[in-house]
Structure formats: structure tokens, C-alpha cells
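# Observations on the three-dimensional arrangement
If you want the building blocks of each chain, they are given just below.
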Amino acid sequence: QGKLTARERILLLLDPDSFDEYDMFVEHRCSDFGMDSDKNKYPGDSVVTGRGRINGRLAYVFSQDFTVFGGSLSGAHAQKICKIMDQAAMVGAPVIGLNDSGGARIQEGVESLAGYADIFLRNVLCSGVIPQISLIMGPCAGGAVYSPALTDFTFMVKDTSYLFITGPDVVKSVTNEDVTQEQLGGAKTHTAVSGVAHRAFENDIDALLHLREFFNYLPLSNQDPAPICECHDPSDRLVPELDTIVPTESTKAYDMLDIIHAIVDEREFFEIMPSYARNIVVGFARMNGRTVGFVGNQPKVASGCLDINSSVKGARFVRFCDAFNIPLITFVDVPGFLPGRPCHSAGVKTH
């Protein structure tokens, strides 16, 4: 399917020769259902964990291995992930999860579910303290989707990654609805309709290289400043297109992205959730080499009106920037909240 192995993903994401692996020889401890036989024991179980560097900056990584019991989570698997999350919180470094898991390991029953509880606890305690990034690189189901949903940013790979609580077969047996994996939890569904995922990429390599680029915008923790990159874009350069970009007639639309690209360093803007609630634009860029967050109404879509989805999208992004001391630049061109029955019956006032 053109996918990389768990170790290949880590080696591509991290700087060469920077990966230190943890718990390489740990095996699961389940003895039920014939799991204690030698043919069911694999060193490292179904996850590769450790630390390394991305562009010279420390990061903790786990990469689930779908070739071992479908990447399912055992007690030992959970302990390995919890260990790197604890260390990341202690030293103040981001956690990156390369998720590719079928969910809980059914042979271990409640111990596997307890492992998820341990991971969720750390997701919550680390929220706003260290950046947490999830990259969905295969079909993830059941418990394997709850943790990514608790992290700060969730990215997906088109056509090979899926996020669903239960798969199409269970949906068919419960609701009698015929639905494909792609319709139920594909990248298109989650980036454009549900808003669970923040961006989708073409393939594994494209996703990992974009993740390396994205990592450069983030501080290591809420105690650290965001990295400052060398800037070759003079702050006093002229931007003549700004003279004409906003039309004189208020009924005419323009693209807020044109304004953002025009004023940021090197015209580089990493947009977050570009396909969801497109009437507001959020993302990261640099000004004089420093990371800034942008929030801007998008007059090109629904005249830039605010609805529930765009309000939540903007608020969540602002909350992340607030937690990690990233300055915000806001471009306001908004006629107000979207009127009408759908928005009011869904509770626009509470948002």
C-alpha cells in the first residue's frame, strides 16, 4: 500500500543517528488464549518508543507497529508509551505519536483498557504543558482514536489512514447502514466534515516531512520560547499588492490568505484545518524569524460570518497559542454571527 514500517517512519521523522530507543526487548505478559507461546512473543511488542531530535531539537516519539497483532495495545505497549510521556513532561519536550493501531488487545481484556486510561490521564495532564502531536498513519479504531483526539494536533494520511470508534462491520450490524472505511472515518471526512483532524497529506513521506516543518514553529514546552529562525526577509520591504487587495465595495469578496502570505516571512504560512470551517483562517507563520499565530476571517467563504464550527476552530487555536506563549495576529473582517435557525437551534450563543 506504499506505507512505511514503524521504524522507517521514525528514522525519516528524526535527524539521522539521533534516535535513542527505549524498552527494545519488552514483551507482553499475557498468558491467556495461548499468548504465552513463543510464536506470539515479539521483542518490543507492537510499538517502537524513544527520543530523538528534529532539526536539532529534542522530541519523544512512539510509533505503533501494525504488523504485530495489528498494532493493538497491550499492558506492556501502554507502559512503553506512558514512560516516554512521563519523561517528556519531566524534561519539557513534545510528544509525537505515529498512530497505526487496531485498538485494545482483546486477549488482555481489562488490562488493555486500563493501559488506555493511563495514556489518557497523561494526555490530559500534559495538555498546555508540552505540545502533543498525533499523526494517523493507518486504520485506527476503538481506544486508539480517543488519545489522538485529546492531543493538540491530529494529522492524517489520505487513503491509508482512518479514525473510527467502530469499523464498518460493527456499524452494519448495529444500524444496518452500509458505509465504507473512507466515508466513516477517512481523511476527507475528518478534515472537512467533523473537524477532528487538522490536516491531511498525500502519503507517509509527505506527512512526516511536513511534520518536521511544523515542529519548527512550536516551543518545546510552555516554559520555553518558540524557536527563532534566521530571517532573510527584510521587515521594510514594500508590499504593493496590499494597496488593492481589499476591494472598495464592501459586497465584493477577497482572499484573506493573500494578505497573510504577503506580510509573513518568505510568504510561508502553515495553515491549520484549511478544509474545515473555511470562513475563518488559522495557522502559524514567522515574523522576523519568530513564530506567530494568525487568526483571520475569510470573506471569500460565507462572507466571513462566524458560525459554531468556525468559533470553535478559532477558539481552540487561540487557546493553544495562549498556553505556549505564541503571539497572535488577528485580521478582522466579520459582519457578525451567521443568522438563521440551524445556528440558533445548535446553540450558537453558547459558543
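Predicted, not measured: the structure shown is a model, and the values here were computed from it.

Moving on: the overall build of the chain. Within the chain, the secondary structure is distributed over 12 helices and 13 strands. What you see for the chain is a C-alpha radius of gyration of 22 Å, in line with the 20 Å of a compact globule of 351 residues. Referenced to the eigenvectors of the C-alpha coordinate spread, the extents of the chain come out at roughly 75 × 50 × 35 Å. Among the 351 residues that make up the chain, the fraction classed as buried is 51%. If you sum the accessible surface of the chain, you get close to 16,700 Å²; carbon and sulfur atoms cover 55% of it. Of the charged side chains in the chain, 30 are positive and 43 negative, and the gap between their average positions amounts to 3 Å.

With respect to the helices and strands, the residue Ser221 is situated in the loop between helix H8 (204-215) and helix H9 (242-245). The exposure class of Ser221 is buried, given its relative accessible area of 4%. Each C-alpha atom of the pair Ser221 and Pro299 lies 34 Å from the other, and the pair is 78 residues apart in sequence. Contact partners of Ser221, with chain neighbours within four places excluded, come to Gly92, Val129, Ile130, Pro131 and Phe324. A distance of 3.1 Å separates a polar atom in the side chain of Ser221 from the backbone nitrogen of Gln223.

Positioned with a positive phi, Asn55 is a non-glycine residue whose angle comes to about 55°. Within the secondary structure, Asn55 is located in the loop between strand S2 (47-54) and strand S3 (57-64).

Across the 5 residues that make up strand S7 (residues 153-157), a large majority, 5, are buried. Of the two faces of S7, the one carrying Phe153, Phe155 and Val157 and the one carrying Thr154 and Met156 are both buried. Examined bridge by bridge, strand S5 (residues 132-136) and S7 share 4 bridges and lie parallel to one another. Within the sheet, the bridge partner assigned to Ile136 lies in S7 and is Met156.

The 7 strands are arranged S1-S2-S3-S4-S5-S7-S9 in an open sheet whose pairing can be described as mixed. The open sheet is flanked by strand S1 (20-22) and strand S9 (199-201), the only strands paired with a single partner. Within the sheet, the average angular offset between the axes of one strand and its neighbour, ignoring direction, is 20°. Relative to S2, S1 is paired through 3 bridges, and the arrangement is antiparallel. Across the sheet, Tyr22 pairs through a bridge with Thr49, a residue of S2.

Here we come to the sheet that holds strand S11 (residues 280-287). Judged by pairing direction, the sheet is mixed, and its 4 strands sit side by side in the order S10-S11-S12-S13 without closing on themselves. With partners counted over all chains shown, the strands left at the sheet margins are strand S10 (269-272) and strand S13 (328-331), one partner each. Strand-to-strand twist of the sheet, defined as the mean angle between neighbouring strand axes without regard to direction, takes the value 25°. Of the pairings in the sheet, the one linking S10 to S11 comprises 4 bridges and is antiparallel in character. From the neighbouring strand, Ile272 faces S11, where its bridge partner is Val282.

All told, the structure shown has 19 aromatic pairs when counted by the stated rule. Taken together through their ring pairs, the aromatic side chains of Phe153, Phe155, Phe201, Phe214, Tyr217, Phe270, Phe284, Phe317, Phe320 and Phe324 make up a single cluster. Seen from the ring of Phe270, Arg199 lies directly overhead, with NZ or CZ sitting 4.4 Å from the centre. A cation sits over an aromatic face here: Arg286 above Tyr217, 4.2 Å from the ring centre.

Bringing the layout of surface pockets into the picture now. Put simply, the largest pocket is a space of about 310 Å³. Taken together, 20 residues form the lining of the largest pocket, with Ser127, Asp152, Arg316, Arg319 and Phe320 sitting closest to its centre. For the lining of the largest pocket, the element with the most residues is helix H11 (residues 308-323), which contributes 6 residues. Across the lining of the largest pocket, the residue classes break down as 11 nonpolar, 5 polar and 4 charged. When we break the lining of the largest pocket down by domain, the ones giving at least three residues each are domain 1 (6-216) and domain 2 (240-346).

On to the domain arrangement of the chain. By a widely used convention, the size of an interface equals the accessible area lost when the partners come together. The domains assigned to the chain are domain 1 (6-216) and domain 2 (240-346). Centre-to-centre, using C-alpha coordinates, domain 1 lies 31 Å away from domain 2. With 22 residues of domain 1 at the contact, the number on the domain 2 side is 14 residues. Counting each side, the surface lost to burial between domain 1 and domain 2 is near 1,400 Å², with a carbon and sulfur contribution of 64%. Interface area lost by domain 1 to domain 2 is led by Phe153, His198 and Arg199, which between them contribute 34%. Across the contact surface, domain 1 and domain 2 share 0 salt bridges. Here domain 1 and domain 2 share 5 residue pairs in polar contact (both at pLDDT 80 or more) between them. Where the side of domain 1 that touches domain 2 is concerned, the elements lending two or more residues are S7, helix H7 (187-194), S9 and H8. If you tally residues by element for the side of domain 1 that touches domain 2, the top one is H7, at 4 residues. In terms of residue class, the side of domain 1 that touches domain 2 is built from 11 nonpolar, 8 polar and 3 charged.

Reading the values: the criteria
- Residues numbered from 1 in each chain as written.
- Predicted model: local features only at pLDDT ≥ 70, side-chain atom pairs only at ≥ 80, totals over all residues.
- Heavy atoms only, no water.
- Helix = DSSP H or I, 4+ residues; strand = E, 2+ residues; numbered from the N terminus.
- Rg over C-alpha atoms; globule rule 2.2 N^0.38 Å.
- Buried < 20%, exposed > 50% of the residue type's maximum accessible area, 1.4 Å probe, protein only.
- Areas by Shrake-Rupley, 256 points an atom, 1.4 Å probe, with all protein chains shown as cover.
- Lys, Arg positive; Asp, Glu negative; His and termini not counted.
- Charge placed at Lys NZ, Arg CZ, Asp CG, Glu CD.
- Contact = heavy atoms within 4.5 Å.
- Polar contact = N/O pair within 3.5 Å; in protein donor to acceptor, adjacent residues only side chain to side chain.
- Pairing = 2+ DSSP bridges.
- Axes fitted to C-alpha atoms, helices over the stretch in contact; angles between N-to-C directions.
- Phe/Tyr/Trp six-rings, centres within 6.5 Å; stacked < 30°, edge-to-face > 60°.
- Lys NZ or Arg CZ within 6 Å of the ring centre and 35° of its normal.
- 1 Å grid on protein atoms, 1.4 Å probe; cavity = no way out; pocket = protein on both sides within 12 Å on 5 of 7 lines; lining within 4 Å.
- Points joined across faces, edges and corners; volume = space filled by probe spheres on them.
- Nonpolar A, V, L, I, M, F, W, Y, C, P; charged D, E, K, R; others polar.
- Domains from an automatic or database assignment.
- Buried area = accessible area lost by both parts, 1.4 Å probe.
- Salt bridge = Lys/Arg side-chain N within 4 Å of Asp/Glu carboxyl O.

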